[in-house]
Amino acid sequence: MINKKDGSDIRTGQIDVTLSKSEFMAKFFTQFYDPAFKKVRAEIDKVMEVAWDGYINYRREPILKKAGSKFHKPNFMLSSEWLSNSKKIDACEKFQKSNQSKSKILIICASSRNDQTCPGEMSKTFRLAKSAEKQILLAKNFEVDFLDLSRLSAEYGKKIHPCKSCVSTAMPLCHWPCSCYPNHAVGQTGDWMAEIYEKWVSAHGVMIVTPVNWYQAPSGLKLMMDRLVCADGGNNDPTLTNGKDPQKAKALELKGWTYKKHLAGRAFSVIVHGDAAGVGNLKRILVDWLTDLGLVQAGKASVIERYIGYFKTYALSHQDLDENTNLFKDVNNAAESLVITIRSIRSKKWIVPDKNLKLSSAQK
């Protein structure tokens, strides 16, 4: 029976995912399916050879730099891209905490529907989110950062890579911001989350406006949620774990880990809509998730679950929304509730209710 308490018990043995060169080539060339690429095939062949070399020699982070004086091991070599992302996060945090900055609300339009690709029509979510944005901008010294996740389905190169659940090996292995991507060796590049982390950190409040997809969150929203796990206890010093060393991370967690909540204290609002079922389920999931991250729910009016055109034909759903003027009023009230809560949090009178409590591990 295995019973190691020093973090050295690393379980491995999944299926080998290494590709042969012929398998790699087959996958590589799928991105050049268009016959128009035939005229530059010789150049593509050269690029393929470079990509194969990076893959077989696993150049995951091809450009490294010394971590620097702010890290536990200043001379440890870290990804230059991660170091740049970390520096941006620090700047966003400084902005967010500055008394001189305007209050910023991040509105997340979570639908994958976009009128510039199929289905050729905007989402009702987008319309509701834009109504909230208009309401917020009426408030003095407030600004909005609008994150439209439908860009994942419509914009060239936009992607959010899946979470690898490093936290399930050991919390310190989950870096803040995420260091799993980019992975140049296997072509996992162009990760939008690097920019999205900045948006969350800069915000004083977050409003999520989302439809229900099969009783759950739309795929783009779920990808973002999973990748925000590093905001809840994530390690902002990868030199402590020698990069991605699981043994080092396990040993570090076993010594005790602080589980810093990097987004704590920001306010949130949630608006969920559907057409037949699932709005209550998704609302509870999102509220619980945001609360676990340490965010603060705005007033009761800030969390909404509604149906639009309940069990009616989809073809007329936008007209059903047109007629549902009360829903727009509710959305605007949610936005106003979020504004009021942020003003309260940023005032010197605000006291975090749990601040001085000694919480159990289950409550943290």
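Residues numbered from 1 in each chain as written. Predicted model: local features only at pLDDT ≥ 70, side-chain atom pairs only at ≥ 80, totals over all residues. Heavy atoms only, no water.

## Focus: the overall build of the protein chain
The number of helices and strands found in the protein chain is eleven helices and eight strands. Against the compact-globule benchmark of 21 Å for 364 residues, the protein chain has a radius of gyration of 23 Å, which places it among compact chains. Taken along the three principal axes of its C-alpha coordinates, the protein chain extends 60 × 60 × 50 Å. Counting all 364 residues of the protein chain, 43% fall into the buried class. In the protein chain, 77% of the contacts between residues at least 6 apart in sequence involve partners at least 24 apart. Summed over its atoms, the accessible surface of the protein chain is roughly 20400 Å², and 53% of this surface lies on carbon and sulfur atoms. In the protein chain, which carries 54 positive and 38 negative side-chain charges, the distance between the mean positions of the two groups comes to 6 Å. (Helix = DSSP H or I, 4+ residues; strand = E, 2+ residues; numbered from the N terminus. Rg over C-alpha atoms; globule rule 2.2 N^0.38 Å. Buried < 20%, exposed > 50% of the residue type's maximum accessible area, 1.4 Å probe, protein only. Contact = heavy atoms within 4.5 Å. Areas by Shrake-Rupley, 256 points an atom, 1.4 Å probe, with all protein chains shown as cover. Lys, Arg positive; Asp, Glu negative; His and termini not counted. Charge placed at Lys NZ, Arg CZ, Asp CG, Glu CD.)

## So, helix α1 (residues 21–29)
Inspection of α1 places F24, F28 and F29 among the buried residues, and these make up the whole buried set. One side of α1 holds all its buried residues, which, seen down the axis, span an arc of 120°. Exposed residues lying more than 90 degrees from the buried face of α1 are S22 and K27. Next to the buried residues of α1 lie α2 (41–56). (Arc of directions from axis to C-beta.)

## What about the nonpolar core?
The biggest cluster of nonpolar side chains holds 50 residues, and the ones touching the most others in it are W200 and M224. At the level of secondary structure, the elements contributing two or more residues to this core comprise α3 (80–97), β3 (103–109), α6 (193–202), β5 (205–211), α7 (219–227), α8 (246–255), β6 (267–274) and α9 (279–292). Examining the composition of this core, we find that six residues originate from one element, α9, more than from any other. Setting aside anything within four residues of it in sequence, one finds W200 in contact with L106, I108, V206, M224, L228, L263, R266, W289, L290 and L295. (Core = buried A, V, L, I, M, F, W, Y, C linked by side-chain atoms within 4.5 Å.)

## Let's talk about the pairing of β5
Counting buried positions over the seven residues of β5 gives seven, a clear majority of the element. What you see with β5 is no split at all: G205, M207, V209 and P211 on one side and V206, I208 and T210 on the other are buried throughout. Pairing geometry for β3 and β5, over five bridges, is parallel. Bridge pairing in β5 links C109 to V209. Bridge count between β5 and β6: seven bridges; the pairing is parallel. Directly across from V209, in β6, lies its bridge partner I271. (Pairing = 2+ DSSP bridges.)

## Regarding the packing of α3 against α6
Following both chains from N to C, one finds α3 and α6 inclined at 20°, their axes separated by 8 Å at the closest point. Relative to α6, the element α3 is oriented roughly parallel. As for the relative orientation of α3 and α6, their crossing is right-handed in sense. Contact with α3, carried on its side by N85, K88, I89, C92, E93, F95 and Q96, involves A194, Y197, E198, V201 and S202 of α6 and no other residues of that element. In terms of residue class, the contact of α3 with α6 is built from six nonpolar, three polar and three charged. (Axes fitted to C-alpha atoms, helices over the stretch in contact; angles between N-to-C directions. Parallel < 35°, antiparallel > 145°, perpendicular 65-115°, else oblique. Left-handed = near helix turned anticlockwise from the far one by under 90°. Nonpolar A, V, L, I, M, F, W, Y, C, P; charged D, E, K, R; others polar.)

## What about the confidence of the model for the protein chain?
Predicted confidence across the protein chain gives a mean pLDDT of 96, with 97% of residues reaching 70 or more. No element of the protein chain has a lower mean pLDDT than α8, at 95, and none a higher one than β3, at 99. (pLDDT = per-residue confidence, 0-100.)

## Section: α2
Across its 16 residues, α2 extends 22 Å between first and last C-alpha, which sits within 8% of the 22 Å expected from 1.5 Å per residue. For α2, the full list of buried residues reads I44, M48, W52, G54 and Y55. Seen along its axis, α2 keeps its buried residues to an arc of 160°; they face one direction. Away from its buried face, by an angle of more than 90 degrees, α2 presents the exposed residues A42, K46 and V50. Each element contacted by the buried residues of α2 is listed here: α1. One or two positions beyond α2, positive phi appears at Y58, with a value near 50°. (Expected span 1.5 Å × (residues − 1).)

## Comments concerning the side chain of T241
You can see T241 is positioned in the loop between α7 and α8. In terms of polar contacts, T241 uses its side chain to reach the backbone carbonyl oxygen of G243, at 2.7 Å. Apart from residues lying up to four places away in sequence, T241 is in contact with P172, L173, H175, N235, K248, A249 and L252. (Polar contact = N/O pair within 3.5 Å; in protein donor to acceptor, adjacent residues only side chain to side chain.)

## What to know about the pattern of salt bridges
Scanning the entire structure with this criterion turns up 21 salt bridges. One salt bridge connects D45 with R41, and the closest N-O pair in it is separated by 2.8 Å. Of this pair, D45 and R41 both sit in helix α2, separated by four residues, roughly a single helical turn. Exposure remark for R41: the relative accessible area of 41% places this residue in the partly exposed category. As a salt-bridge pair, K97 and E93 come within 2.3 Å of each other at their nearest N and O atoms. Placement of the pair is K97 and E93 together in helix α3, with a separation of four residues, close to one helical turn. Overall, the relative accessible area of 56% leaves K97 in the exposed class. Shared partners join several salt bridges into a network, and the residues in it are E93, K97 and R266. (Salt bridge = Lys/Arg side-chain N within 4 Å of Asp/Glu carboxyl O.)

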